[in-house]
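Structure at a glance
Listed here are the chains, written in short residue letters.
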Amino acid sequence: MSERIAAVEAFRIVIPRDVPYLGPLGAGEEINARGYFIRRGNRSVYPATDTSVLVKVTTESGCTGWGESYAIVAPGAVAEIVTDLLGPLLIGRDPRDPVPLHEDLYDTMRVRGFTSGYFVDALAGLDIAVWDVAARLAGLPLCRMLGGQRHARLAAYVSGLPKPSLPARVDLALEWQAKGFGAVKFAGAVADEGEAAEMAALRRALGPDMRIACDLHWKHTALAATRLIDRMHAHDLWFAEAPVAPEDIEGQKEVAAKARTSVALGEEWRTAFENRPRLIGRCMDIIQPEMAHTGVTEFMKIGRMAEAFHCRAIPHASIGIGIFQAASLHCSVALQNCDGHEYQHSIFDRNLRFVEGDMACAEGFYSLPTGPGLGVSPSPDAWRYATKHEPA
Ligand code: MG
C-alpha cells in the first residue's frame, strides 16, 4: 500500500516557569524583553521559559507522527526552516524511508555550509516525526525499528541542583538519593563556591557510593580544566563534562589524555561528522548526543560509530515537552554502549503533563513509553502553550 506524506506543520511551544533552568538568577543576571538572560558563569543565553518547536507529519491515510526540535531561543527560526524549506520537500515522499529522507534533506544545504546549527536542529525535529510515522505504520515501538531493545531499563542520573546556595544544593542531592537515584551531576556555571568545593561537599554528604559528575560548561583552558579535574578526582568524580571551549579539539584531546577521570563531550554536536574527529582524537570516553540536535538518524549513527571507538554513550537531555526525550530513550535502549541517560528533573517532571503516554522516571530508572512509534504524543494541555507557525 502506498503511503505518502501529505502535510508538515510546526508549532512553537513556550511554557512559563517560576525558577529559570539551572536555578534562580544570580547577581547581574536580568531577563530581557524577549524573555532571555545570560548566565554569567558560562556566558551563555537561556530562556526564562521552556521553549521548543513541535513538528507534526501527517500522511495521506491520516497517520500522524510527532517530532520536537531544539529551539530554546529564537524558536521562530527553527519553525520557519521546517515550514518554508524542509517540510515542503517531504510532501509526496514515503515516510517508511526515514534514513533516505534525512540524507536527502541534509544534502539540500550542505554545500552552502549549513552542516549544523539551526538548520540541522530543524531537520532533527522532522526526522523524529518521520521515524514516529514509520514505526506507527509498522505497528512497532521505535526501538524495534532501530535493531531492537538492547537494554530492558535505563539508568537515569539527576542533572542539576537548581538551588541558590551550596548547602541547599547538597540538601537537594540528598533528597534525590533518598528517592533511589544513584547518580547526580552538578553545574559548574552556578557553583558559586567553585567546582572543587562543591564536589567535596557533595561527596561528604552523599557518601562513597553515589556517582557525582560535574558539568564544566566549556569554560576552562585545557591546563586549568586538567588541574580542576584532578582536584575533583580526589573525591571520586564520575565524569567531567565539557571542560574546554567547544571549538578546542586539541584542548579536548589534551584534557582527556591527562585526566584520570572520564571526560564526557558532545551535547552541542549535531552530526557524525562533528563526532568523528573527536573520536579519532580520543577527546572523550563518553559521548552525550542530544536528540533535539541530532534526530533519530544521526543519533544512531553517532552512537554506533562511538561504539567502534569503544566510547560509551550517556545521552544529553535538553529543554522540551518530552517528544524528543521519548525518541532519545528509544535510541538509547537500542545502543549496546549506552550506560544511562541524563534526567533533567526540573524539566521532565513538570512537562510530563504535556505528553500522553506512560513515559516515566522514578527510583533511578527511566521507563520507556510503550506502544507504537515514540509512544508519546502532545496532550491537550500542551496546546495551551502552542502557536502554529505559518511561513513568513
Ligand atoms: Mg552540559
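Because the structure is a prediction, the values reported are computed rather than measured.

Concerning the overall build of the protein
- Helix and strand counts for the protein stand at 12 helices and 18 strands.
- Each principal axis of the C-alpha distribution contributes one length, and for the protein these read about 60 × 45 × 40 Å.
- Sorting the 392 residues of the protein into buried and exposed places 58% on the buried side.
- Taking all contacts inside the protein whose residues are at least 6 apart in sequence as the whole, residues at least 24 apart take part in 74%.
- About 15500 Å² of surface is accessible on the protein, with carbon and sulfur atoms providing 52% of the total.
- The distance from the centre of the 40 positive side-chain charges to the centre of the 48 negative ones in the protein is 2 Å.

Focus: helix 10 (residues 291–308)
- Between the first and last C-alpha of helix 10 there are merely 20 Å, a value that for 18 residues lags more than 12% behind the 26 Å anticipated at 1.5 Å per step.
- The largest bend in helix 10 is about 80°, located at threonine 297.
- In terms of burial, helix 10 is a largely internal element, 13 of the 18 residues being buried.
- Near the N-terminus of helix 10, the side chain that reaches the backbone nitrogen of alanine 292, with its oxygen 2.8 Å away, is that of glutamate 290.
- A positive backbone phi angle near 55° is found at histidine 310, which sits one or two residues after helix 10.

A look at the domain arrangement of the protein
- The domains assigned to the protein are domain 1 (5–139 + 381–388) and domain 2 (145–374).
- When each unit is reduced to the centre of its C-alpha atoms, the spacing between domain 1 and domain 2 is 21 Å.
- With 46 residues of domain 1 at the interface, the matching set in domain 2 holds 40 residues.
- Taking both sides of the interface into account, the surface hidden between domain 1 and domain 2 amounts to around 3500 Å²; carbon and sulfur atoms contribute 65%.
- At the boundary of domain 1 and domain 2, one finds three salt bridges.
- For arginine 353, the salt bridge identified is with aspartate 381, shortest N-O distance 3.4 Å.
- When contributions to the side of domain 1 that touches domain 2 are tallied by element, the ones reaching two or more residues are strand 1 (5–16), strand 4 (49–59), strand 5 (64–70), helix 2 (98–107) and helix 3 (117–138).

Examining helix 11 (residues 323–334)
- Over its 12 residues, helix 11 runs 17 Å from end to end, which matches the ideal 16 Å to within 8%, given 1.5 Å per residue.
- Ile323, Phe324, Gln325, Ala326, Ala327, Ser328, Leu329, His330, Cys331, Ser332, Val333 and Ala334 are the residues of helix 11 that are buried.

Some thoughts on the coordination of the magnesium ion
- Within the protein, Asp215 (OD), Glu241 (OE) and Glu267 (OE) serve as the donor atoms for the magnesium ion, at 2.0 to 2.2 Å.
- Sequence positions of the donors to the magnesium ion reduce to the motif D-x25-E-x25-E. With a gap of 26 residues between them, aspartate 215 in strand 8 (residues 211–215) and glutamate 241 in strand 9 (residues 237–241) connect regions that are remote in the sequence.
- By relative accessible area, aspartate 215 is classed as buried at 7%.

Here we look at the packing of aromatic side chains
- This model, assessed by the stated rule, comprises 17 aromatic pairs.
- Between phenylalanine 11 and tryptophan 383, the aromatic rings sit 5.0 Å apart at their centres with planes inclined by 70°, giving edge-to-face as the arrangement. One end of the pair, phenylalanine 11, is in strand 1; the other, tryptophan 383, is in the loop between strand 17 (377–378) and strand 18 (386–388), and 372 residues separate them in sequence.
- Sitting above the plane of the phenylalanine 365 ring, arginine 153 keeps its charged end 3.6 Å from the centroid.
- Over the face of the ring belonging to tryptophan 176 we find lysine 179, whose NZ or CZ atom lies 3.8 Å from the ring centre.

Brief notes about the pairing of strand 1
- In the sheet, strand 1 pairs with strand 4 via 11 bridges, with the strands oriented antiparallel. Bridge pairing in strand 4 links phenylalanine 11 to leucine 54.
- Where strand 1 and strand 18 come together, three bridges link them in antiparallel fashion. Across the sheet, residue arginine 12 finds its bridge partner in strand 18, namely threonine 387.

Some points on empty space enclosed by the protein
- Enumeration over the complete set of coordinates arrives at five cavities of 30 Å³ or more.
- A volume near 70 Å³ is recorded for the largest cavity.
- Looking at the lining of the largest cavity, the elements with two or more residues in it are helix 11 and helix 12 (345–351).
- The leading source of residues in the lining of the largest cavity is helix 12, at three residues.

What counts, and at which threshold
Residues numbered from 1 in each chain as written. Predicted model: local features only at pLDDT ≥ 70, side-chain atom pairs only at ≥ 80, totals over all residues. Heavy atoms only, no water. Helix = DSSP H or I, 4+ residues; strand = E, 2+ residues; numbered from the N terminus. Buried < 20%, exposed > 50% of the residue type's maximum accessible area, 1.4 Å probe, protein only. Contact = heavy atoms within 4.5 Å. Areas by Shrake-Rupley, 256 points an atom, 1.4 Å probe, with all protein chains shown as cover. Lys, Arg positive; Asp, Glu negative; His and termini not counted. Charge placed at Lys NZ, Arg CZ, Asp CG, Glu CD. Expected span 1.5 Å × (residues − 1). Bend = angle between axes of the 7 residues up to and from the residue. Polar contact = N/O pair within 3.5 Å; in protein donor to acceptor, adjacent residues only side chain to side chain. Domains from an automatic or database assignment. Buried area = accessible area lost by both parts, 1.4 Å probe. Salt bridge = Lys/Arg side-chain N within 4 Å of Asp/Glu carboxyl O. Donors = N, O, S within 2.8 Å, 3.2 Å for Na, K, Ca; no water. Phe/Tyr/Trp six-rings, centres within 6.5 Å; stacked < 30°, edge-to-face > 60°. Lys NZ or Arg CZ within 6 Å of the ring centre and 35° of its normal. Pairing = 2+ DSSP bridges. 1 Å grid on protein atoms, 1.4 Å probe; cavity = no way out; pocket = protein on both sides within 12 Å on 5 of 7 lines; lining within 4 Å. Points joined across faces, edges and corners; volume = space filled by probe spheres on them.

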